[in-house]
Amino acid sequence: MKQEIDSRMETIAALEPSSMTPDTVISDSKPPIETDAVIIGAGPVGLFQVFELGLLEIKAHIIDSLAAVGGQCVELYPDKPIYDIPAVPICTGQELTNNLLKQIEPFGPTFHLGQEVTVVERREDGRFNLETSAGTRFITKTIFIAAGVGSFQPRTLKVEGIESFENSQVLFQGKNLVICGGGDSALDWALNLAGKAESVILLHRREEFRAAPASVAKMKALCDNYEMQLVIGQVTGMEANENKLSEIKVTGADGVTRRLPLDMLLVFFGLSPKLGPIAEWGLDIERRQLKVVNTEKFETNVPGIFAVGDINTYPGKKKLILSGFHEAALAAFGAAPYIFPDKKIHMQYTTTSPKLHKILGVETPVFD
C-alpha cells in the first residue's frame, strides 16, 4: 500500500531526496546491459508486449518512470471497472495488471522502475545505446515505446517559489501537516496520519471528493471529533521563515484568504502526462503522438523502434487497450528479423504448438 501511495504523490518538504528515489544514483562503473529488446512503459500494453516477444523467445527489459507497474490503469483508476477486455466481462485496472504479470511470469522480464529513458542513440553496429535518469545503460537491438500518453509527472502547486522547499523537511510525527487533494491518495495519507502527527489539515478546492465514499465518511467523522480538520479553498500564496516553508495562504469560495501554519506540506494532485525526452529521439511526432510507418509492424520512422498503445498514431487509430494488445503482437513479429536475421519466424498457436507449450512451461495436451 505504501509503495502505491509513494508512486502517486508529490511530496513537498516531506522526505529527504535520497529516500525518495533509491534507484537514482548514477554510476558509470557498471557495464551496459546487452539485450534484444527494451520496452519503455509498464502499462498493460507494455506488459503484453513482454508476452508477445516471449513467445518468439525474445527477452525484454522494461523501463517505467513510475515506481510500480500498471501505468495509468493503476495510477489513475486501479479500482474502476473495465468492461472491454476480450473474454473478461469486468475487471479493475489493478486486476488487469495482476493478471498480465502472472501471464508474463514464464518469460522472466527485468523491470527498471522509477526511472525515465533520457538517451537513445543509434550505434554503428545498428543497435541502440539507451540510458535512463538513474544511469542504467543498455545496448539493445530493438526498442518498443509503450508509454501511453507519455511519462507521468506529479502535478504540483502553482505558487511561485514553492519548488525551493521540495524534499527539504523531514518526518511526520509531532508535525503540523497540511495535505492537499481530494482523491484516494490524499484521503489515505490524511487518515493514516491523523492522531500520529501533531495536527492534520486536509485542504481541497471543493466539497466533493474523488475518493472512496468510506474514506470520505471516515475523514468527516475524524473532523467531527476534532482529530483533524477539513478546509475548502485554493492555495494562493505562501510564507517562509529562515528558508523553511512556514505557512500557506488559502482563499475560500467566499473570497476570504486565511493563513494555515504548517511544518510540512503534502500535495496529491494526481499525475500529468508529458511526452518528455521521447520528443528528442528523432521520431516523427503528430499531436504529441508517435507516427508509425505502417500497421503491419507498428514501426516508427526509425528502423528498430516500434510504438504501441496510446502513444502511437495512424489512420483509424482507436485508443483502446485491446487495440494496443493487437499492435503489440504485430510489433513483436516485425521486430524478430532485427533479433534473428537468419531465422525464419513461423506462425504458431499456443493451443497446439509443443514448442510454445515448452516456452510457457505448460504440458502439451493429449487428445483422444
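In what follows, the structure referred to is the one given above.
Residues numbered from 1 in each chain as written. Predicted model: local features only at pLDDT ≥ 70, side-chain atom pairs only at ≥ 80, totals over all residues. Heavy atoms only, no water.

Quick look at the pairing of strand S15 (residues 244–251)
Bridge count between strand S14 (residues 234–241) and S15: 7 bridges; the pairing is antiparallel. Within S15, the position partnered with Glu-239 by the bridge is Glu-247. Linking S14 back to S15 in an antiparallel pair, the connection comprises 2 residues, with Glu-242 at a positive phi of about 55°. As paired elements, S15 and strand S16 (residues 257–261) share 5 bridges and run antiparallel to each other. Across the sheet, the residue bridging to Ile-248 is Leu-260, located in S16. Counting the residues in the hairpin turn of S15 and S16 gives 5 residues, including Gly-255, whose phi is positive at 85°. (Pairing = 2+ DSSP bridges. Helix = DSSP H or I, 4+ residues; strand = E, 2+ residues; numbered from the N terminus.)

Topic: the packing of helix H3 (residues 44–55) against helix H5 (residues 93–103)
Relative orientation of the contacting elements H3 and H5 amounts to 15°, with a least axis distance of 9 Å. By the angle class used here, H3 and H5 are roughly parallel. The two elements H3 and H5 meet at a crossing, and its hand is left-handed. Along its contact with H3, which presents Pro-44, Leu-47, Phe-48 and Phe-51, the element H5 presents Leu-96, Thr-97, Leu-100, Leu-101 and Gln-103. The class makeup of the residues in the contact of H3 with H5 is 7 nonpolar, 2 polar and no charged. (Axes fitted to C-alpha atoms, helices over the stretch in contact; angles between N-to-C directions. Parallel < 35°, antiparallel > 145°, perpendicular 65-115°, else oblique. Left-handed = near helix turned anticlockwise from the far one by under 90°. Contact = heavy atoms within 4.5 Å. Nonpolar A, V, L, I, M, F, W, Y, C, P; charged D, E, K, R; others polar.)

Thoughts on the nonpolar core
Judged by nonpolar contacts, the single largest core of 61 residues is most densely connected at Leu-130 and Ile-145. No other element matches helix H8 (residues 321–339), which puts 8 residues into this core. With near-sequence residues (within four places) excluded, Ile-145 lies in contact with Ile-40, Ile-278, Trp-281, Leu-283, Leu-290, Ile-305, Phe-306, Ala-307, Val-308 and Ile-311. Residues Leu-187, Ala-197, Met-264 and Phe-268 belong to the second largest nonpolar core, which totals 23 residues. (Core = buried A, V, L, I, M, F, W, Y, C linked by side-chain atoms within 4.5 Å. Buried < 20%, exposed > 50% of the residue type's maximum accessible area, 1.4 Å probe, protein only.)

Section: a nonpolar patch on the surface
Judged by side-chain polarity, Phe-333, Met-347 and Tyr-349 come together as a nonpolar surface patch covering roughly 330 Å² of accessible area. Along the chain, Met-347 falls in the loop between H8 and helix H9 (354–360). (Patch = residues over 30% accessible without salt bridge, like charges linked within 9 Å, V, L, I, M, F, W, Y side chains within 5 Å. Areas by Shrake-Rupley, 256 points an atom, 1.4 Å probe, with all protein chains shown as cover. Salt bridge = Lys/Arg side-chain N within 4 Å of Asp/Glu carboxyl O.)

Structural notes on helix H6 (residues 184–193)
Extensive coverage of H6 is indicated by the burial of 7 of its 10 residues. Regarding H6, the residues found buried are Ser-185, Ala-186, Leu-187, Trp-189, Ala-190, Leu-191 and Leu-193. Following H6 by one or two positions, Gly-195 adopts a phi angle in the positive range, close to 90°.

Some points on the pairing of strand S8 (residues 128–132)
Only one face of S8 is buried, namely the one carrying Phe-128, Leu-130 and Thr-132, since none of Asn-129 and Glu-131 on the opposite face is buried. Pairing analysis gives 5 bridges linking strand S7 (residues 117–122) to S8, with the strands arranged antiparallel. From the neighbouring strand, Arg-122 faces S8, where its bridge partner is Phe-128. Here S7 folds back onto S8, and the loop between the two strands holds 5 residues, one of which, Gly-126, carries a positive phi near 95°. Linking S8 to strand S9 (residues 137–145), which pair antiparallel, is a turn of 4 residues; within it Gly-135 sits at a positive phi near 85°.

Considerations on the side chain of Thr-300
Among the structural elements, Thr-300 can be located in the loop between strand S20 (289–291) and strand S21 (305–307). Filtering out sequence-adjacent residues up to four positions away, Thr-300 remains in contact with Leu-283, Lys-291, Val-292, Val-293, Ile-305, Phe-306 and Ala-307.

Looking at the side chain of Glu-52
Take Glu-52: it is sitting in helix H3. Buried charge without a salt bridge: Glu-52, with Lys-355 as the nearest opposite-charge side chain at an N-O distance of 14 Å. In this view, Glu-52 contacts Ala-328, Ala-329 and Ala-332; residues no more than four positions away in its chain are not counted. (Lys, Arg positive; Asp, Glu negative; His and termini not counted.)

Points about the pattern of salt bridges
According to the stated counting rule, one finds 13 salt bridges in the structure shown. Between Lys-249 and Glu-239 there is a salt bridge, with the nearest N and O atoms lying 3.2 Å from each other. Placement of Lys-249 in strand S15 and of Glu-239 in strand S14 is noted, with a sequence separation of 10 residues between them. Classification of Lys-249 by relative accessible area gives partly exposed; the value is 23%. Classification of Glu-239 by relative accessible area gives partly exposed; the value is 30%. As a salt-bridge pair, Arg-259 and Glu-247 come within 2.3 Å of each other at their nearest N and O atoms. Taken as a pair, Arg-259 in strand S16 and Glu-247 in strand S15 lie far apart in primary sequence, 12 residues in all. Via salt bridges that share partners, Glu-34, Arg-123, Asp-125 and Arg-127 belong to a single interconnected network.

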